[in-house]
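Breakdown of the fold
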Amino acid sequence: MKILLLLWMFLSAFIVRAEGTVRSGAVWPDNRGQHINAHGGGILYHDGRYYWFGEHKSAETTAALVGITCYSSENLTDWRYEGVALPVTDTAGDELERGCIMERPKVVYNASTRKFVLWFHLEFKGQGYGAARYGVAVSDHPTGPYRFLRSGRVNAGVQPLNMKGSMADLDTLDVWENAEWWTPQWRRAVEDGLFMRRDFDGGQMARDQTVFVDTDGRAYHIYSSEENLTLQIAELSPDYTAHTGRYIRVAPGGQNEAPTVFRHGDTYWMVTSGCTGWAPNRARLFSAPSIWGPWRQHDNPCRGKDADTTFGGQGTYILSTPKGHIFMADIWRPKQPDDSRYIWLPITFEDGLPVIQWRDEWSF
Ligand code: GAL
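All values derive from a computational prediction rather than experimental measurement. (Residues numbered from 1 in each chain as written. Predicted model: local features only at pLDDT ≥ 70, side-chain atom pairs only at ≥ 80, totals over all residues. Heavy atoms only, no water.)

**So, unusual backbone geometry**
The omega angle of the peptide bond from G144 to P145 is 5°, so this bond is cis rather than trans. Structurally, the position occupied by P145 is in the loop between strand 8 (133-139) and strand 9 (147-152). The linkage connecting G293 with the following residue, P294, adopts the cis geometry, with an omega of 0°. By the secondary structure assignment, P294 is in the loop between strand 16 (284-288) and strand 17 (296-298). Non-glycine residue R114 carries a positive phi angle of around 55°. Mapping R114 onto the fold places it in the loop between strand 6 (101-110) and strand 7 (115-123). Exposure remark for R114: the relative accessible area of 61% places this residue in the exposed category. We note that E227 has phi near 60°; this positive angle belongs to a residue other than glycine. Position of E227 relative to the elements: it lies in the loop between strand 11 (219-225) and strand 12 (230-236). (Helix = DSSP H or I, 4+ residues; strand = E, 2+ residues; numbered from the N terminus. Buried < 20%, exposed > 50% of the residue type's maximum accessible area, 1.4 Å probe, protein only.)

Below, the structure written as structure tokens:
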């Protein structure tokens, strides 16, 4: 009986491995048989292994009760739980105190310092989404433990590279600061930089975020800023742990969240979502000839079942592999956050534009 059981365990492991399929929306068990708990995640490829970092979600709350988790894999389908890469703390008043919000973690490897650098979106415990800060942590090992360096707003006291005119030109904008939202005049003020100017001294807001490393080794922090109304792209320092002060505003007033970025040939592509909280909406697609823009908007890249709601999900990362690019998204379940599901779909090209076609099942 025992032998039969062992034989079955061996065979079933083999079947799963041989299949190597991705079923978006399904429970995705790790090596312990538990659904992978790494939401809003991103993937690092290092020394022949993939490392998946994400938000640990509990059954009751979308706040962080555990921290940022890590899983590793050789084949992208079978994932081994590696533990908590950056835990919450039990110290009252600490920036990472249990109950804070840690979202959309992304890890990049810096070849010159040989450090792994983790960027995430941080909100302080009990303060909702008001802090709108980045968090950054480093480690000597991909799986951690990561040492929290600091949190902050972005590029205080610095103007974006693509701002029209000078800061003095924006001084009349404060008239609109307390004005009624969504009026045409208010929208124009937002496009002109109303909230960028408001946050100029203290630094720019940073909520939904990703990190992109270009082929020349330069890294960029891409985040929803200015009250989630405008995206910003900020260059990171050579060691990837700070901002250099060089940044641009993208799609001012366009209300983009969940930025995901990849490069294909000489074109930079970005897939984002609209701003409807945990509820899914239609994905947006942008392209640019340089990370510094100009960024141009295209139609929804999604095709097939539920393409108008990003298949019920919201993008979190685009993994580029030698075989192609993979779009990763989350199907959020805010009433049972730990049961949120994953969507992974290959990106194909049609008439020069990226297309994300729904597939019930596919393999690498
Ligand atoms: C989503 C965002 C998530 C989380 C959520 C909170 O739009 O992408 O990362 O912040 O809002 O409502």
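On we go.
**What about the pairing of strand 6?**
For strand 6, the buried fraction is high: nine of the 10 residues fall into the buried class. Inspection of the sheet shows strand 6 paired to strand 7 by eight bridges, in the antiparallel sense. Its bridge partner lying in strand 7, I101 is registered against E123. As consecutive antiparallel partners, strand 6 and strand 7 are separated by four residues, and within that stretch R114 has a phi angle of approximately 55°, a positive value. (Pairing = 2+ DSSP bridges.)

**What about the nonpolar core?**
The biggest cluster of nonpolar side chains holds 34 residues, and the ones touching the most others in it are I43, W52, W79 and W344. For this core, the secondary-structure elements that each account for two or more residues are strand 3 (49-55), strand 15 (267-273), strand 19 (314-321), strand 20 (324-331) and strand 21 (341-350). Apart from the residues lying within four places of it in its own chain, the contact partners of W344 are V22, S24, W28, I43, W52, L76, W79, I326, F327, M328, W362 and F364. Grouped together as the second largest cluster of nonpolar side chains are 28 residues, W119, A179, F195 and L236 included. (Core = buried A, V, L, I, M, F, W, Y, C linked by side-chain atoms within 4.5 Å. Contact = heavy atoms within 4.5 Å.)

**Quick look at the pattern of salt bridges**
Evaluated as defined, the whole model comprises 23 salt bridges. Between E361 and R23 there is a salt bridge, with its nearest N and O atoms 3.2 Å apart. Of this pair, E361 sits in the loop between strand 22 (353-357) and strand 23 (362-363) while R23 sits in the loop between strand 1 (21-22) and strand 2 (39-46); the two residues are 338 residues apart in sequence, bridging distant segments of the chain. R198 is the salt-bridge partner of D199, the closest N and O atoms lying 3.0 Å from each other. Assessed through its relative accessible area of 8%, D199 is described here as buried. A residue is classified by how much of its surface remains accessible, and R198, at 30% relative accessible area, is partly exposed. (Salt bridge = Lys/Arg side-chain N within 4 Å of Asp/Glu carboxyl O.)

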